Amino acid sequence: MALYESVFIARQDISSAQAEALIELFAGFITEGGGTVPKKEYWGLKSLAFRIKKNRKGHYVLLNIDAPSAAVIEMERNMRLSEDVLRYLTVKVEALEEGPSAVMQSRDRGDRGDRDRDRERGDRDRGRYRDDDRPPRDDRPPRDDRPRAEGAPE
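Note that the structure is predicted; figures quoted are calculated from it, not measured. (Residues numbered from 1 in each chain as written. Predicted model: local features only at pLDDT ≥ 70, side-chain atom pairs only at ≥ 80, totals over all residues. Heavy atoms only, no water.)

> Explain the pattern of salt bridges to me, please; I cannot follow it from the model alone.
Side-chain pairs of opposite charge can arise where the charged atoms are in close proximity. Applying the stated criterion across every chain yields a total of 5 salt bridges. Residue Lys39 is joined to Glu41 by a salt bridge in which the shortest nitrogen-to-oxygen separation is 3.8 Å. For the pair Lys39 and Glu41, a shared accessibility class is recorded, and that class is buried. Salt bridges sharing partners connect three or more residues here, namely Arg11, Asp13 and Asp84. (Salt bridge = Lys/Arg side-chain N within 4 Å of Asp/Glu carboxyl O. Buried < 20%, exposed > 50% of the residue type's maximum accessible area, 1.4 Å probe, protein only.)

Structural data, given as C-alpha cells:
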C-alpha cells in the first residue's frame, strides 16, 4: 500500500466537533477501502491567505494515510462532494512522519509569546507615522522649487 498525506480545509461556520466528525468520516472511507489512518491532526481554525468560497477562515486538518490508491480516490471524491470542505490536497510520500507535524510543533513551542514585541513597532496598517507622531506642517519652509501650473494661484 502507498503512503499519503492529505490536508483539507473545512468551512469556518462549522464547529470543531463537526470538523472532528469530518475527520472520522474521511478516515472511515480509508478504512473501508482497506487502509489505515495512523495520524489525524486537527490544526484548528486559521485565517486563509485569500477568500475561498466567501470564507476568510477555515478548519485545517492533516491525515496521514496508508492505503491503496482506490481508497484515496474514494475519499477525495467524497471531499469534492462535501459542501463543508473548501479545499483539499493529497500528496504521495515516501515515508510518514512520526510525531507531531511542523504546524503542531510550532504551536507547542509557544512562539506566540513574542507578540508584545510587535506592539513596540506600532500598527503596520496606519503607515509610517501615527497622527500624534507626524511633524507639524507649518514648521517646514515654503518650497519655491516646485513647478507651478499655468493659471494656478500662488
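> Looking at this model, I keep getting lost on helix α1 (residues 16–32). Mind explaining?
Here α1 is 17 residues long and its end C-alpha atoms lie 24 Å apart, about the 24 Å a rise of 1.5 Å per residue gives. Among the residues of α1, Ala19, Leu22, Ile23, Phe26, Ala27, Gly28, Phe29 and Ile30 are the ones counted as buried. Where α1 is buried, its residues contact β1 (2–11), β2 (36–52), β3 (55–67), α2 (69–81) and β4 (85–93). Positioned one or two residues after α1, Gly34 has a phi angle of 95 degrees, which is positive. (Helix = DSSP H or I, 4+ residues; strand = E, 2+ residues; numbered from the N terminus. Expected span 1.5 Å × (residues − 1). Contact = heavy atoms within 4.5 Å.)

> Would you explain the packing of aromatic side chains in this entry?
Centre-to-centre distance and the angle between the planes together describe a pair of aromatic rings. Considering all chains together, one arrives at 2 aromatic pairs under this definition. Here the aromatic rings of Phe8 and Phe26 are separated by 5.2 Å at their centres, their planes lie at 80 degrees, and the arrangement is edge-to-face. Pair noted here: Phe8 is in strand β1 and Phe26 is in helix α1, with a separation of 18 residues, a long-range link. Classification of Phe8 as buried rests on a relative accessible area of 1%. Aromatic pair Phe26 and Phe29: ring centres 6.4 Å apart, planes at 35 degrees, arrangement tilted. Here Phe26 and its partner Phe29 are both found in helix α1, 3 residues apart, which amounts to about one turn of the helix. You'll find Phe26 and Phe29 in the same group, each marked buried. Linked through ring pairs, Phe8, Phe26 and Phe29 together constitute an aromatic cluster. (Phe/Tyr/Trp six-rings, centres within 6.5 Å; stacked < 30°, edge-to-face > 60°.)

> Could you clarify how one ought to interpret the nonpolar core in this entry?
Nonpolar side chains in soluble globular proteins generally cluster together in the buried interior. By size, the foremost hydrophobic cluster in this structure holds 22 residues, and its most contacted members are Phe8, Phe26, Ile30, Leu63, Ile65 and Met75. Of all the secondary structure elements, the ones that give two or more residues to this core are β1, α1, β3 and α2. Here the element with the most residues in this core is α1; it accounts for 7 residues. If we skip the residues at most four places from it in the chain, Leu63 touches Tyr4, Glu5, Ser6, Phe8, Ile23, Phe26, Val37, Lys39, Lys40 and Met75. Listed in part, the 8 residues of the second largest apolar core include Ile9, Trp43, Tyr60 and Met104. (Core = buried A, V, L, I, M, F, W, Y, C linked by side-chain atoms within 4.5 Å.)

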